[in-house]
Amino acid sequence: MHKQQILIAGCGDVGSTLGLALQAQGHNVFGLRRTINQLPAGLQGIAGDLAVPASLQGQLPACDILVYSAAASQHDEAGYRSAYVQGLRNVLAALPCPPRLLLFTSSSGVYHQADGGWVDEQSPTEPGRFSGQIMLQAEALALGSGIDATVVRFSGIYGPGRNHLINQVRSGLGAPAEPAYYSNRIHRDDCAGVLQHLIGLHLQGRPLAPVYLASDDTPATLHDVSQWLATALGVTIHTTKALRRGGSKRCSNSLLRSTGYNFIYPDFRAGYSAILQQQQDHPPT
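About the cut-offs
- Residues numbered from 1 in each chain as written.
- Predicted model: local features only at pLDDT ≥ 70, side-chain atom pairs only at ≥ 80, totals over all residues.
- Heavy atoms only, no water.
- Helix = DSSP H or I, 4+ residues; strand = E, 2+ residues; numbered from the N terminus.
- Rg over C-alpha atoms; globule rule 2.2 N^0.38 Å.
- Buried < 20%, exposed > 50% of the residue type's maximum accessible area, 1.4 Å probe, protein only.
- Areas by Shrake-Rupley, 256 points an atom, 1.4 Å probe, with all protein chains shown as cover.
- Pairing = 2+ DSSP bridges.
- Axes fitted to C-alpha atoms, helices over the stretch in contact; angles between N-to-C directions.
- Parallel < 35°, antiparallel > 145°, perpendicular 65-115°, else oblique.
- Contact = heavy atoms within 4.5 Å.
- Phe/Tyr/Trp six-rings, centres within 6.5 Å; stacked < 30°, edge-to-face > 60°.
- Lys NZ or Arg CZ within 6 Å of the ring centre and 35° of its normal.

Novice: What is the right way to look at the overall build of the chain in this model?
Specialist: Within the chain one finds nine helices and 15 strands. Here the chain has a C-alpha radius of gyration of 19 Å; the compact-globule value for 285 residues is 19 Å, and the two agree. In terms of overall dimensions, the chain has C-alpha extents of about 55 × 45 × 35 Å along its principal axes. Here the chain holds 285 residues, and 50% of them are scored as buried. A total accessible area of about 12800 Å² is found for the chain, and carbon and sulfur atoms account for 50% of it.

Novice: Looking at this model, I keep getting lost on the pairing of strand E2 (residues 28-33). Mind explaining?
Specialist: The two faces of the sheet receive side chains in turn, since in a regular strand these alternate between them. Among the six residues in E2, six count as buried, and that is most of the element. When strand E1 (residues 5-9) meets E2, the two strands line up parallel, connected through five bridges. Within E2, the residue paired with Ala 9 across the bridge is Leu 32. As paired strands, E2 and strand E3 (residues 44-47) are joined by four bridges and run parallel to one another. Bridged to Gly 31 within E3 is Gly 45.

Novice: Any chance you could explain the packing of helix H3 (residues 77-94) against helix H4 (residues 130-143) here in plain terms?
Specialist: Packed helices, taken two at a time, are described by their axes: the angle between them and the distance between them. Running from amino to carboxyl end, H3 crosses H4 at an angle of 5 degrees, the nearest separation of the two axes being 9 Å. Taken together, the axes of H3 and H4 are roughly parallel relative to one another. Contact residues: H3 offers Glu 77, Tyr 80, Arg 81, Tyr 84, Val 85, Leu 88 and Arg 89, while H4 offers Phe 130, Ser 131, Ile 134, Met 135, Gln 137, Ala 138, Leu 141 and Ala 142.

Novice: Is there a simple way to think about the packing of aromatic side chains in this case?
Specialist: Each aromatic ring pair is summarised here by two numbers: the centre-to-centre distance and the angle between the ring planes. As enumerated under the stated definition, the model contains six aromatic pairs in all. Relative to Phe 263, the ring of Tyr 261 lies with its centre 5.1 Å away and its plane at 80 degrees, an arrangement referred to as edge-to-face. With respect to burial, Tyr 261 and Phe 263 carry one shared label: buried. Here the aromatic residues Tyr 80, Tyr 84 and Phe 130 are joined through ring pairs into a cluster of three or more. The ring of Tyr 182 is capped by Arg 250, whose NZ or CZ atom sits 4.4 Å from the centre of that ring.

From the geometry alone we can't say anything about function, so treat these as descriptive.
This is the structure:
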């Protein structure tokens, strides 16, 4: 495998995990973010703000592969548009030459379905919320960029440091059994693993699909997840309420699976067991 120049734009939690894995494979990895002192050792930091074109001009290296993995710092319409649409446009404009591959990380929030049914890459996307609508615009920008591009739609990302649901259950709060609310998740390490896998396929000369839905093998109701967590934590749920807004759906990973990707954490039990074990081994000081 030839050593590649890989730029990860928006190099946060997922991007840093990916960057370390790619660097271990011998690739030359650049991480673009506002504060590069938070990048892990081994990644070449580039300080820049995706939303500020002047901060990117003349700063970006020629790269073989661009991974655009931004996260909105403001969770409003302007913040989403700045991070995903304008940010991608700014990075593409600042690159000295087009990369051979663009991977854009999107979200299962582009789906509007709420009936508990299955969705996949072919399912209609008619989101009612601005976040999904703007993400679809960013996907279209990536796929229409003239670069060989693939969109990866992640479902709910969890992992080390993402303890919201664990903390809710620890406090005795859980989701009701009825109405059943299906949720979908993918561990942070699998987010990085999927992107690394797709890069590997590309470098083998295997064509990628325009869109992959990346979610673990087992959609589960929030009731089932919260009850399992309560047992694992040794606590009793004394209050139930809807823990989340958004549509109830089940995300199919069949297309991604067909490419040969095997999940590190194929279901929530495996992923949360690892997180709880890590918390037990390294309790917060």
